[in-house]
Amino acid sequence: MIFRLRFEKCGRLPEVLYLVPERAAPLIRLTEAVADRWPETPPYGGRFAETVPHLTIAQGQEGEVLEEIEADLGGRLPFTSRVSSVGLMVHDGTRWQPRASFALGDRPRHRP
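Presented here is an overview of the structure given in this document. Since the model is a prediction, treat every value here as computed from it, not as a measurement.

1. Quick word on the packing of aromatic side chains
- Within the structure shown, the criterion is met by two aromatic pairs.
- Here Tyr44 and Phe48 contribute two aromatic rings whose centre-to-centre distance is 5.8 Å and whose plane-to-plane angle is 75°, an arrangement assigned as edge-to-face.

Dropping the structure here:
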């Protein structure tokens, strides 16, 4: 399930600056597959009803800092990235820590 993502613009949540993927469907399918496999550990602890795919750029900064970062990113967008692995991040109460990485494989091809 290796795929490409294109990011063309920024999005904002309170104290969060993120990049919006042009096509959310591959990320939603991936999130749903992980949640189906491990239903006891829903994304974000189950706090959100809807999956909003994004690439977090900055979190917990003052609004002025986020605005400065967003302005700097404006001249660097759009860009495309190949997604070939998924990282498992765990929040330790203070910050996010990488726990594991999982390679994504190509879909099997049907042969006639």
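2. Structural notes on the nonpolar core
- Grouped together as the largest cluster of nonpolar side chains are 14 residues, with contacts concentrated most on Phe3, Leu5, Cys10, Leu17 and Leu19.
- For this core, the secondary-structure elements that each account for two or more residues are strand S1 (3-13), strand S2 (16-21), helix H1 (25-37) and helix H2 (63-74).
- The dominant element in this core, judged by the number of residues it contributes, is S1, at four residues.
- When near neighbours in sequence (up to four residues on either side) are disregarded, Leu19 contacts Phe7, Lys9, Cys10, His54, Leu55, Ile57, Leu73, Leu77 and Phe79.

3. Looking at unusual backbone geometry
- That bond from Leu77 to Pro78 is cis: its omega, 0°, falls within 30 degrees of zero.
- Within the element layout of this structure, Pro78 appears in the loop between H2 and strand S4 (79-83).
- Even without being glycine, Glu15 reaches a positive phi, approximately 65°.
- Looking at Glu15, the relative accessible area reads 53%, which means it is exposed.
- Of note in this structure, Tyr44 is not a glycine but carries a positive phi near 55°.

Cut-offs used in this document
- Residues numbered from 1 in each chain as written.
- Predicted model: local features only at pLDDT ≥ 70, side-chain atom pairs only at ≥ 80, totals over all residues.
- Heavy atoms only, no water.
- Phe/Tyr/Trp six-rings, centres within 6.5 Å; stacked < 30°, edge-to-face > 60°.
- Core = buried A, V, L, I, M, F, W, Y, C linked by side-chain atoms within 4.5 Å.
- Buried < 20%, exposed > 50% of the residue type's maximum accessible area, 1.4 Å probe, protein only.
- Helix = DSSP H or I, 4+ residues; strand = E, 2+ residues; numbered from the N terminus.
- Contact = heavy atoms within 4.5 Å.

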